[in-house]
Amino acid sequence: MDSANLNTKRIVTVFGGTGFLGRRIVKRLLEGGFTVRAASRHSARVSPIFSSTGRMPEAVEADILDASSIGSAIAGSEAIVNAVSLYVEQGVQTFERVHHVKAAADLAAAARDGKVDQFIHISGIGSDPKSDSNYIGARGRGEVAVESAFPGAFIVRPAVMTGPDDAFLTTIVRLIRLLPIYPVFGDGGTRLQSVYVEDVAKAVSGLIDGRNPKGSSIFEFGGPRIYTYKELLWEIARQLHTNVKLMPVPFAVWKALAGVAELLPAAPITRNQVDLMRHDNVAAIGVPGLKELDIEPRDIDEVIRLIEQRA
Ligand SMILES: NC(=O)c1ccc[n+]([C@@H]2O[C@H](COP(=O)([O-])OP(=O)(O)OC[C@H]3O[C@@H](n4cnc5c(N)ncnc54)[C@H](OP(=O)(O)O)[C@@H]3O)[C@@H](O)[C@H]2O)c1
């Protein structure tokens, strides 16, 4: 019997299973033969997302801010993935609640009480409990809270993720074609190691399937190359056979613009994105990454080609 058949009795619940990363984790787990639950606040979105895949996940409606709604999603699960995200604070949906105590830690504690074997918390490179940024600080405190609620939890920190439906590279590709002058964050010197979202999904599903040769619990996933923001824009322009003129824009101006943009229904830029762009987004040396999981990260050229094919 192959491993896919052996996995059918293993239930994995992916919170945020309809999201950019979560849906890909769900898909890979289904391909690996697991029984998968995709949990989110809008279960009706599950079916259209997975209708073209061979197998369907179970759609579960759950809000991680409401502890009473997560029990049925967790029941009987062998592994839980928390791929829930919040990019703009709104009412009770604050970074502190979603990324820290009332959500991430509650979910981890419920998983521990439910005798779940593995808990995978998706965080991000640069998470820092002591950061002045609400977003980066809440992410860091979220990691600490998860580790204490579920000892042995996996903490997965991806760099900014790319893919044909991403919010990062797709926007840059579109804007480079559109704008005569491209405004950059600060002097454009922030170093980035963007990673292909499918590589992260492969790594996470592999961890659940026991593919973790060194037995590590904290991972930082970056792509094969590090670019400064400026170099990245030049590289994308080169691939698109176009020129790009860059205009440095101070971070304070970006922050003010993002504050206004957040009032729009689908904010094109958020203050937390500006905060993230102030710091290098590069995997730390010495922290296990994709290579340690025998995954060769996909180059950005290939992702740009995928974005172009989709346009
Ligand atoms: N995207 C990146 O470049 C990037 C980089 C580094 C780290 N990360 C991290 O990766 C993780 C996933 O990010 P993503 O970009 O895939 O996010 P996303 O596309 O925005 O997806 C978020 C998912 O969470 C669900 N969700 C939101 N609030 C929820 C709640 N209260 N209860 C239950 N489900 C909820 C959403 O569905 P509903 O709205 O239907 O509930 C959706 O399925 C996050 O931890 C993020 O910080 C992302």
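Our subject is the structure listed above.
**Student:** It is not clear to me how the sheet that holds strand β6 (residues 154-158) should be interpreted in this structure. Could you clarify?
**Tutor:** Strand pairing in a sheet relies on backbone hydrogen bonds, with the paired strands running either antiparallel or parallel. Pairing in this open sheet of seven strands is parallel, and the strands run β3-β2-β1-β4-β5-β6-β11 from one edge to the other. Strand pairing shows two members of the sheet lacking a second neighbour, β3 (58-61) and β11 (218-221), which therefore form its edges. For this sheet, the mean angle separating the axes of adjacent strands, direction not counted, is 20 degrees. As paired elements, strand β4 (residues 79-82) and strand β5 (residues 118-122) share four bridges and run parallel to each other. By the bridge assignment, Val81 is partnered in β5 with Ile120. Contacting β1 (11-15), β2 (35-40) and β4, helix α2 (residues 22-31) crosses the sheet at an angle of about 170 degrees to β1. In the packing of helix α9 (residues 197-208) onto the sheet, contacts are made with β1, β4, β5, β6 and β11, and the angle to β5 comes to roughly 160 degrees.

**Student:** How do you make sense of the site of the ligand when you look at a structure like this?
**Tutor:** For the ligand, the set of nearby residues contains 24 residues, the closest of which are Thr18, Arg41, His42, Tyr87 and Arg139. Looking at the shell around the ligand residue by residue, the class counts come to 13 nonpolar, seven polar and four charged.

**Student:** Help me understand helix α11 (residues 251-261), please; the structure alone is not making it clear to me.
**Tutor:** Helical geometry: 3.6 residues make up each α-helical turn, so side chains three or four residues apart lie on a common side. Considered for burial, the residues of α11 that qualify are Phe251, Trp254, Ala258 and Ala261. One side of α11 holds all its buried residues, which, seen down the axis, span an arc of 75 degrees. For α11, the exposed residues set more than 90 degrees away from the buried face come down to Ala252 and Val260. Where α11 is buried, its residues meet β8 (181-185), β13 (245-249) and α12 (271-277).

**Student:** I would appreciate a short explanation of the packing of aromatic side chains in the present structure.
**Tutor:** Geometry of an aromatic ring pair is reported as the spacing of the ring centres plus the angle between the planes. Throughout the structure, instances matching the rule amount to six aromatic pairs. Three or more aromatic residues joined by ring pairs make a cluster, and in this case those are Phe185, Tyr229, Phe251 and Trp254.

**Student:** Mind showing me how you'd approach the packing of helix α10 (residues 229-239) against helix α13 (residues 300-310) here?
**Tutor:** If you want to describe how two helices pack, look at the angle between their axes and the distance between the axes. One way to put it is that α10 packs onto α13 with a least axis distance of 11 Å and a crossing angle of 55 degrees. When the axis of α10 is compared with that of α13, the two are oblique. As α10 runs across α13, the sense of the crossing is right-handed. The segment α10 lies against α13, with Leu232, Glu235, Ile236 and Gln239 engaging Ile300, Asp301 and Ile304. In terms of residue class, the contact of α10 with α13 is made up of four nonpolar, one polar and two charged.

**Student:** Before we go on, may I ask you to explain helix α7 (residues 134-149) in this structure?
**Tutor:** Look at α7: 22 Å from first C-alpha to last across 16 residues, which is about the 22 Å you get at 1.5 Å a residue. Every buried residue of α7 is listed here: Tyr135, Ile136, Gly137, Ala138, Arg139, Gly140, Gly142, Glu143, Ala145, Val146 and Ala149.

The rules behind the values
Residues numbered from 1 in each chain as written. Predicted model: local features only at pLDDT ≥ 70, side-chain atom pairs only at ≥ 80, totals over all residues. Heavy atoms only, no water. Pairing = 2+ DSSP bridges. Helix = DSSP H or I, 4+ residues; strand = E, 2+ residues; numbered from the N terminus. Axes fitted to C-alpha atoms, helices over the stretch in contact; angles between N-to-C directions. Contact = heavy atoms within 4.5 Å. Near = heavy atom within 4 Å. Nonpolar A, V, L, I, M, F, W, Y, C, P; charged D, E, K, R; others polar. Buried < 20%, exposed > 50% of the residue type's maximum accessible area, 1.4 Å probe, protein only. Arc of directions from axis to C-beta. Phe/Tyr/Trp six-rings, centres within 6.5 Å; stacked < 30°, edge-to-face > 60°. Parallel < 35°, antiparallel > 145°, perpendicular 65-115°, else oblique. Left-handed = near helix turned anticlockwise from the far one by under 90°. Expected span 1.5 Å × (residues − 1).

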